[in-house]
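Each chain is listed here by its residues.
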Amino acid sequence: MKRVYEEILKEHFRNDRQMAFVSGPRQVGKTTTCRTFEPEIHYFNWDDMKDRALIAGGPDKTLRDVRLDILGASPRFIVFDELHKYGKWKTFVKGLFDKHKEDLNIVVTGSSRLDVFKKGGDSLMGRYFRYRMHPLSLAELLNPYPSAAETRSPIEHSGDDTLARLFKFGGFPEPYLKASSRFSTRWNSLRGQQLFREDLRDTSRVHELGQIELLAELLKSQTGQLTSYSSLARKVNISVDTVKRWLRLLSAVHYCYLIRPWTKNVTRSLLKEPKVFLWDWTLIDDDGARFENLIAGHLLKAVHFWTDRGMGIYELFFLRDKSGREVDFLVTKDDKPWFLVEAKLSANKPIGNSLGYFQNSTGAKHAFQVAYDMGPIMKDCFSKIDPVIVPARTFLTQLV
């Protein structure tokens, strides 16, 4: 399966000399993509004992088979997978890059966020650009080539319902391609074990893994809701500070992510509590909450993608004030509101007053109520200024 990130890595090395740091959830397709975006790639995996011995032996030992000693050879592509597990990984790649930046195109991948590992020596500032890899999205499935602009024209699609398949099986490549409920159940169980027994162990010194799993289970029924730290603390029998710390850990291993409220230009805005969403929305039983999480995932992928390509600084927020008015999502560009999104299962739901109210108060250019049950319409959602109901099957094809 071709991924949009293959083209992004090609684009990166055509234009930039920096290393490419590719992070993202376990099983999202990082290794496959990074090993196949060019026909000849030298691959080293820290989890492989032979490769680990080479890396621990230093850059010269690692590169003995890469053959940089041939006159006129084109730069070699080299991938280091899960290298952040090596305590001296920053020193290793810094030395490698500084000595061989004219001869090597270096990719470093990690299933945990590469910025959470503080060991390793000098700063890498200026030596890499990061790319955050996300699960499959509707636009990527229909056209895995990046657009030069932020938003695309709507992509026409018919036949099997790709969005319904994404909704049921999620955006992780293997369960999406299998499209089997039995396979998805087993896959989710194994991935959960790896997250809680391996990734958390590698990321932290926390020993209360059973309680962290309980916290993760509670989050499944609270996605899209305001996070009550005190309520979670009581249910898990831990302190509020521990809840916050464990949420940061669960975010670090890509189990969940936090979306915070936008407070500028909003009278009586909500100042504190974030909302929690899951990287794998299929873990959510309620259809409305699952669809809202699917929309959150597509929007987060878009803001990360646009930011990582250098098109601006994009962020994702939600809106809520103390009067109870709320809009699910706000996308900002360079700290200015751009468009609002409200997620609804049915197009029969009229546009709520909150969408227009917050569009006026924030100055956002667009306001969309995105409906799951509508068929695709080949019209540009972003041509509309006033609040409008749009099909998810159109709106999502215009993102990434």
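To be clear, the structure that these remarks concern was listed above.
Remember, it's a predicted structure, so these values are computed and weren't measured experimentally.

The rules we used
- Residues numbered from 1 in each chain as written.
- Predicted model: local features only at pLDDT ≥ 70, side-chain atom pairs only at ≥ 80, totals over all residues.
- Heavy atoms only, no water.
- Core = buried A, V, L, I, M, F, W, Y, C linked by side-chain atoms within 4.5 Å.
- Buried < 20%, exposed > 50% of the residue type's maximum accessible area, 1.4 Å probe, protein only.
- Helix = DSSP H or I, 4+ residues; strand = E, 2+ residues; numbered from the N terminus.
- Contact = heavy atoms within 4.5 Å.
- Patch = residues over 30% accessible without salt bridge, like charges linked within 9 Å, V, L, I, M, F, W, Y side chains within 5 Å.
- Areas by Shrake-Rupley, 256 points an atom, 1.4 Å probe, with all protein chains shown as cover.
- Salt bridge = Lys/Arg side-chain N within 4 Å of Asp/Glu carboxyl O.
- Lys, Arg positive; Asp, Glu negative; His and termini not counted.
- Charge placed at Lys NZ, Arg CZ, Asp CG, Glu CD.
- Pairing = 2+ DSSP bridges.
- Axes fitted to C-alpha atoms, helices over the stretch in contact; angles between N-to-C directions.
- Expected span 1.5 Å × (residues − 1).
- Bend = angle between axes of the 7 residues up to and from the residue.
- 1 Å grid on protein atoms, 1.4 Å probe; cavity = no way out; pocket = protein on both sides within 12 Å on 5 of 7 lines; lining within 4 Å.
- Points joined across faces, edges and corners; volume = space filled by probe spheres on them.
- Nonpolar A, V, L, I, M, F, W, Y, C, P; charged D, E, K, R; others polar.

With that settled, the discussion passes to the nonpolar core. A general tendency of soluble globular proteins is for nonpolar side chains to be buried together. Counting 61 residues, the largest nonpolar core has Ile 295, Leu 299 and Phe 395 as its most contacted members. Counting residues per element, this core draws most heavily on helix 13 (residues 287-308), which supplies 10 residues. Sequence-distant contacts of Phe 395, defined by excluding residues within four places in its chain, comprise Leu 299, Phe 339, Val 341, Phe 368, Val 370, Cys 381, Phe 382 and Val 390.

We now examine a positive patch on the surface. A surface patch of positive charge is lined by Lys 244, Arg 245, Arg 248, Lys 272 and Lys 322. Counting through the fold element by element, Lys 322 comes out in the loop between strand 8 (314-320) and strand 9 (326-333). In this structure Lys 322 comes out as exposed when scored by relative accessible area, which is 55%.

On to the sheet that holds strand 8, then. Pairing between the strands of a sheet is mediated by backbone hydrogen bonds and can be parallel or antiparallel. With mixed pairing, the 7 strands of this open sheet are ordered in space as 7-6-8-9-10-11-12. Bordering the open sheet on either side are strand 7 (275-278) and strand 12 (388-391), each of which pairs with just one other strand. Taking each pair of neighbouring strands and ignoring which way they run, the sheet shows an average axis angle of 35 degrees. Relative to strand 8, strand 6 (residues 256-261) runs parallel, the two sharing 2 bridges. Looking at the pairing, Pro 261 lines up with Phe 318 of strand 8.

A few words now on helix 9 (residues 181-203). With 23 residues, helix 9 extends 31 Å from end C-alpha to end C-alpha; this agrees with the ideal 33 Å at 1.5 Å per step. Of all the bends in helix 9, the greatest measures close to 35 degrees and is centred on Leu 195. Of all the residues in helix 9, the buried ones are Phe 183, Ser 184, Trp 187, Arg 191, Gly 192, Gln 194, Leu 195, Phe 196, Asp 199, Leu 200 and Thr 203. Against the buried residues of helix 9 lie helix 7 (162-169), helix 8 (173-178), helix 10 (209-220) and helix 12 (240-252).

Turning our attention to the layout of surface pockets. Estimates place the volume of the second largest pocket at around 410 Å³. What lines the second largest pocket is a set of 22 residues, among which Asn 188, Ser 189, Lys 220, Asp 280 and Leu 283 lie closest to the centre. Of all the secondary-structure elements, those providing two or more residues to the lining of the second largest pocket are helix 7, helix 9 and helix 10. With 11 residues, helix 9 is the largest single contributor of residues to the lining of the second largest pocket. Across the lining of the second largest pocket, the residue classes tally to 6 nonpolar, 8 polar and 8 charged.

A few words on helix 12. When the terminal C-alpha atoms of helix 12 are compared, their 19 Å separation across 13 residues agrees well with the 18 Å that a helix rising 1.5 Å per residue should span. Contacts made by the buried residues of helix 12 are with helix 9, helix 10, helix 11 (229-236) and strand 6. Positioned one or two residues after helix 12, His 254 has a phi angle of 60 degrees, which is positive.

Moving on: empty space enclosed by the protein. Within this structure, the stated rule accounts for 5 cavities of 30 Å³ or more. Every residue lining the largest cavity is listed: His 134, Pro 135, Leu 136, Ser 137, Tyr 257, Trp 279, Trp 281, Gly 297, His 298 and Lys 301. Looking at which element gives the most residues to the lining of the largest cavity, the answer is helix 13, with 3 residues. Taken together, the residues that form the lining of the largest cavity break down as 5 nonpolar, 4 polar and 1 charged.

A separate point is the pattern of salt bridges. Scanning all chains against the criterion turns up 23 salt bridges. Where Arg 3 meets Glu 140, a salt bridge forms, and the shortest distance between an N and an O atom there is 2.5 Å. Taken together, the residues span a long stretch of sequence, with Arg 3 in the segment before helix 1 (4-15) and Glu 140 in helix 6 (residues 138-142) at a distance of 137 residues. Both residues of the pair, Arg 3 and Glu 140, belong to the buried class. Between Glu 326 and Lys 275 there is a salt bridge whose closest N-O contact spans 2.1 Å. Of this pair, Glu 326 sits in strand 9 while Lys 275 is found in strand 7, placing the two residues 51 residues apart along the sequence. When its relative accessible area of 1% is taken as the criterion, Lys 275 is described as buried. Connected through shared salt-bridge partners, Lys 2, Glu 6, Glu 7 and Lys 10 make up one network.

Function-wise, these values are silent; they only describe arrangement.
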